[in-house]
Amino acid sequence: MSSPFAPEHAPVGDVGAALMMIDSRIKSVRDGSTGTDPEQQALIDQFMASLSPQEAGDVLEGACTLVYVFTTWLQKAHEEHDKDVIEYVVPNLVATMNMMPRSVRPEAIPTMAGLVVSAALGLSPNLWRKQYGEWTEKEMNPLEVTAFLLAEHINRITGDPDFATTMVAKALSTADGG
């Protein structure tokens, strides 16, 4: 019997827009930026402000889909070495978020860890989170950070600074018939 929180019951959302935001952050960090580039942030803010509530919800669901895809990839990579993704990735994720108090408030960290654990257990992060109520504004940045950190972890494992975003972009182009 399938769980009502299984990924097949979850909307995919706007993965392309979510991926664009994550890729932009990755490139910014790679270029040596330790803070948010004001011009980049203004463009992201302008983009998000142009979205209807439904479209913004689609980007949120897309970010959750990225968390699921990245966690699934990490899970398969860890299993090849007889390691558990929950044991090896989640503590690192939590420790890194703890070092980012301006970007990730401490009270958001358990929820973000729960998103990754839910994905590792084969559940939709978005559906898992929704059982506790609506997403809050204070969870948006931590969600972005979670997807970013998972993508960066994949990039480090593969030795390719663009692997995570390229993997998803290729999957999207294949799904679109491209």
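Here the structure is a predicted model, which means the values were calculated and not measured.

(A) Looking closely at helix α5 (residues 90-98). Turning to α5, its buried residues number three or more, namely Val90, Leu93, Thr96 and Met97. Along the long axis of α5, the arc covered by the buried residues comes to 130°, so they all point the same way. Where the residues of α5 are buried, they touch α4 (85-88), α6 (109-120) and α8 (140-158).

(B) Expanded view of the side chain of His153. Relative to the helices and strands, His153 resides in helix α8. Here His153 falls in the buried class, since its relative accessible area comes to 15%. Once residues lying within four places of it in the same chain are set aside, the contact partners of His153 are Leu74, His78, Val89 and Asn92.

(C) Looking closely at the packing of α8 against helix α9 (residues 163-175). Where α8 contacts α9, the axes come no closer than 7 Å and their chain directions differ by 105°. Our classification of the angle between α8 and α9 gives roughly perpendicular. Contacts between α8 and α9 involve Ala151, Ile154, Asn155 and Thr158 from the first element and Phe163, Ala164 and Met167 from the second.

(D) Highlighting the side chain of Gln75. With respect to the secondary-structure elements, Gln75 resides in helix α3 (residues 53-79). Judged by its relative accessible area of 18%, Gln75 is buried. Not counting chain neighbours up to four residues away, the residues in contact with Gln75 comprise Val85, Ala119 and Ala120.

(E) Fine view of the pattern of salt bridges. The final tally for this structure, using the stated rule, is 6 salt bridges. Close ionic contact of Lys27 with Asp23 constitutes a salt bridge, the shortest N to O distance being 2.7 Å. Pair noted here: Lys27 and Asp23 are both in helix α1 (residues 15-30), with a separation of 4 residues, about one helical turn. Judged by its relative accessible area of 37%, Lys27 falls in the partly exposed class. We classify Asp23 as buried; its relative accessible area is 17%. Between Lys130 and Glu61 there is a salt bridge, and its shortest N-O distance comes to 3.9 Å. One end of the pair, Lys130, is in helix α7 (residues 125-130); the other, Glu61, is in helix α3, with 69 residues separating them in the sequence. For Lys130, a relative accessible area of 38% corresponds to the partly exposed category.

Reading guide: rules and limits
Residues numbered from 1 in each chain as written. Predicted model: local features only at pLDDT ≥ 70, side-chain atom pairs only at ≥ 80, totals over all residues. Heavy atoms only, no water. Buried < 20%, exposed > 50% of the residue type's maximum accessible area, 1.4 Å probe, protein only. Helix = DSSP H or I, 4+ residues; strand = E, 2+ residues; numbered from the N terminus. Arc of directions from axis to C-beta. Contact = heavy atoms within 4.5 Å. Axes fitted to C-alpha atoms, helices over the stretch in contact; angles between N-to-C directions. Parallel < 35°, antiparallel > 145°, perpendicular 65-115°, else oblique. Salt bridge = Lys/Arg side-chain N within 4 Å of Asp/Glu carboxyl O.

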